[in-house]
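# Commentary on secondary and tertiary structure
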Amino acid sequence: MPHPPTGSATTDAIRQAVADGFEQQTQFLAEFTRIPSLRGREGAALDFMADALQQRGWQVDDWTVPTDQLADQPGFCDCNGEVPDIRSVVGTLAPPQPQDAGQSLILQGHLDVVPEGPHEMWQTPPFDPQVRDGWMYGRGAGDMKAGKVAALFAVDALRRAGYAPAGRLHYQSVIEEESSGLGAVATLARGYRADCAFIPEPTGLGLVRAQVGAIWFRLKVRGRPAHVAYAGAGASAITAAIHLITALQKMEADWNTQAANHPDYRDVPHPLNFNAGQIKGGDWTSSLPAWCDVDCRMGLLPGDDVAARRAQIVDTVQQAAAAHPFLREAPPEIEWTGFMADGYSLQNAEAPEAALTRAHATATGEDKPQDQSWTALTDTRFYGLYHGIPSLCYGPEADSIHGFDEKVNLASVQRCTEVIALFIANWCGLRPLSD
């Protein structure tokens, strides 16, 4: 039968085991961060995790699925055909006697990272991780490779202390979290389920209680090229695109006014953010640009209807085009390019929250993790919103994620590893390795 860690001796042994393995964990994190696992280039990072699991004796499932085969899954978005297939790696530890097992758990994390930008604008190269003043710097170190490594080494620590989880454990490495969530969708389509999911995103040892959703879209504006000497004879697609961006910024302001009444966000200033994240256009400096494509992102609240919000975006663009002297005759197109993601509020998670609170209190001395309402989104929505699996988001402290000089606080990584190990003990129960 499972043995919960009620005694201080067991707890002390687990925390000491984390400390004993932390130097190796830091080296492992540096190796992992060194892999530039950008969108479409995640293969080496998936190989790295698969090899780490195999070396530890996990049962490893490594598969690739065509994206169109996931189309019937809740939360699916097709990314405008830009992602042809999805590869995932899942390691499983199963108790030898399932009838005596404790509760099951999914430890899930993404290994894809966002583009790093110009390397000369970093203090040190983004994929050459450096440790300075207790922080590890590098693209993806904080978001979210440190959390993924903490989850893996938490299980290592339990083994070092002489225990294994009494419940079934899935350690999931997914891609596409930063742009669609299709990696999480693929694992659920594969049939992976558990009594709880735990995603160690960089929360600063807080618990994410609510998160926004997001819609990605591309404005395709077409102008009328002309020599700049005769600008009146043409129409600039770039200038016209700026007119549309201004209208979408007004929409953003209206949505944030409405957000002041949302129970999870009434105390969060400006929770919904519009971003024109990429812009491309024109062919020649002395010619009015004939084309301009703008890739955009807009947030939405838990409970918002994605289709209704999408329709509001379309209406905003159409009204702005109708008020423009050129666009009213040459209306822009909208392509949906990535996220069509619902917002999510944590619900029906009293039991795993209690287990997390106990683990957090033991490792940090605080009464409970601080509740957070995020203006970003995570994969928790797939488990909690679509499959009824309580999904906790809790992880280490990071800074400048998606920015220059991204970094993660190593002391918080060690604390987070302790918390995850103790959470596994509380939630899954423990069995001596001799069993």
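One structure accompanies this document, and this report is about it.

The rules behind these values
- Residues numbered from 1 in each chain as written.
- Predicted model: local features only at pLDDT ≥ 70, side-chain atom pairs only at ≥ 80, totals over all residues.
- Heavy atoms only, no water.
- Phe/Tyr/Trp six-rings, centres within 6.5 Å; stacked < 30°, edge-to-face > 60°.
- Helix = DSSP H or I, 4+ residues; strand = E, 2+ residues; numbered from the N terminus.
- Buried < 20%, exposed > 50% of the residue type's maximum accessible area, 1.4 Å probe, protein only.
- 1 Å grid on protein atoms, 1.4 Å probe; cavity = no way out; pocket = protein on both sides within 12 Å on 5 of 7 lines; lining within 4 Å.
- Points joined across faces, edges and corners; volume = space filled by probe spheres on them.
- Nonpolar A, V, L, I, M, F, W, Y, C, P; charged D, E, K, R; others polar.
- Axes fitted to C-alpha atoms, helices over the stretch in contact; angles between N-to-C directions.
- Parallel < 35°, antiparallel > 145°, perpendicular 65-115°, else oblique.
- Contact = heavy atoms within 4.5 Å.
- Pairing = 2+ DSSP bridges.
- Disulfide = S-S within 2.5 Å.
- Salt bridge = Lys/Arg side-chain N within 4 Å of Asp/Glu carboxyl O.

## Focus: the packing of aromatic side chains
Per the counting criterion, the structure on display carries 12 aromatic pairs. The interplanar angle of 10 degrees and the centroid separation of 5.4 Å between the aromatic rings of Phe-32 and Phe-48 together place this pair among those described as stacked. You can see Phe-32 sitting in helix α2 (residues 22-33) and its partner Phe-48 sitting in helix α3 (residues 43-55), a full 16 residues away along the chain. A single burial state applies to Phe-32 and to Phe-48, both of which are buried. Plain terms: the ring middles of Phe-198 and Tyr-394 are 6.3 Å apart, the flat faces sit at 65 degrees to each other, and that makes the pair edge-to-face. Of the two residues, Phe-198 sits in strand β8 (residues 197-199) while Tyr-394 sits in the loop between β17 (391-393) and β18 (398-399), which places them 196 residues apart along the sequence. You'll find Phe-198 and Tyr-394 in the same group, each marked buried.

## A closer look at the layout of surface pockets
When its volume is computed, the largest pocket comes out at roughly 1200 Å³. In terms of lining residues, the largest pocket is bounded by 41 residues, among which Val-114, Pro-115, Glu-178, Trp-216 and His-402 are the most central. Mapped by element, the contributors of at least two residues to the lining of the largest pocket are β10 (213-222), β11 (274-281) and β12 (291-300). When residues in the lining of the largest pocket are grouped by element, the largest group, four residues, is from β11. Split by residue class, the lining of the largest pocket holds 15 nonpolar, 12 polar and 14 charged. The space that makes up the second largest pocket amounts to roughly 200 Å³. Residue composition of the lining of the second largest pocket, grouped by class: five nonpolar, two polar and six charged.

## Focus: the packing of α2 against α3
In the contact formed by α2 and α3, the axes pass within 10 Å of each other and the chain directions differ by 150 degrees. When the axes of α2 and α3 are compared, the pair comes out roughly antiparallel. When α2 is examined against α3, the residues Phe-28, Glu-31 and Phe-32 are found in contact with a partner set consisting of Ala-45, Phe-48, Met-49 and Ala-52. Of the residues assigned to the contact of α2 with α3, the class counts are six nonpolar, no polar and one charged.

## A look at the sheet that holds strand β2 (residues 85-93)
Hydrogen bonds between backbone groups are what pair the strands of a sheet, and the pairing can be parallel or antiparallel. The strand order β1-β2-β7-β3-β8-β17 describes an open sheet built from six strands, whose pairing is mixed. Strands with a single pairing partner mark the edges of an open sheet, and in this sheet they are β1 (59-66) and β17. On average, each strand axis in the sheet is tilted by 20 degrees relative to the strand beside it, whichever way the strands run. Pairing analysis gives three bridges linking β8 to β17, with the strands arranged parallel. Directly across from Ala-197, in β17, lies its bridge partner Ser-391. Lying on the sheet, helix α5 (residues 182-190) is in contact with β1, β2, β3 (105-110) and β7 (169-174); it crosses β2 at an angle near 60 degrees. Along the sheet, helix α10 (residues 410-428) makes contact with β3, β8 and β17, crossing β3 at roughly 150 degrees.

## Quick look at the state of the cysteines
Any covalent bond linking the sulfur atoms of two cysteines counts as a disulfide. In this structure the tally under the stated criterion is zero disulfides. In this structure Cys-77 is not part of a disulfide, and its nearest cysteine sulfur, from Cys-79, lies 4.6 Å away. We classify Cys-77 as buried; its relative accessible area is 5%.

## Remarks on the pattern of salt bridges
As enumerated under the stated definition, the model contains 19 salt bridges in all. A salt bridge links Glu-418 to Arg-15, with the nearest nitrogen and oxygen atoms 2.9 Å apart. A residue pair is termed long-range when its members are at least 10 positions apart, and Glu-418 in helix α10 and Arg-15 in helix α1 (residues 8-20) qualify at 403 residues. Classification of Arg-15 as partly exposed rests on a relative accessible area of 25%. A salt bridge links Asp-47 to Arg-87, with the nearest nitrogen and oxygen atoms 2.7 Å apart. Residue Asp-47 is located in helix α3, and its partner Arg-87 is located in strand β2; the two are separated by 40 residues in the primary sequence. Note on Arg-87: relative accessible area 18%, which makes it buried. A network of salt bridges, in which partner residues are shared, links Arg-39, Glu-82, Glu-176, Arg-218, Asp-295 and Glu-335.

## Some details on the sheet that holds β18
Read across the sheet, four strands follow the order β4-β5-β19-β18 without closing on themselves; strand pairing throughout is antiparallel. The sheet is open, and its two borders are formed by β4 (130-132) and β18, each paired with just one other strand. Examined bridge by bridge, β4 and strand β5 (residues 135-137) share three bridges and lie antiparallel to one another. Looking across to β5, one finds that Val-131 is bridged to Met-136.

## Digging into empty space enclosed by the protein
Per the stated rule, a full pass over the model turns up one cavity of 30 Å³ or more. Empty space within the largest cavity amounts to approximately 60 Å³. Taken together, Val-208, Arg-209, Ala-210, Gln-211, Tyr-344, Ser-345, Leu-346, Thr-380, Ser-391, Leu-392 and Cys-393 make up the lining of the largest cavity. Of all the elements in the fold, those that place two or more residues in the lining of the largest cavity are β9 (207-211), β15 (344-345) and β17. At four residues, β9 tops the list of elements feeding residues into the lining of the largest cavity.

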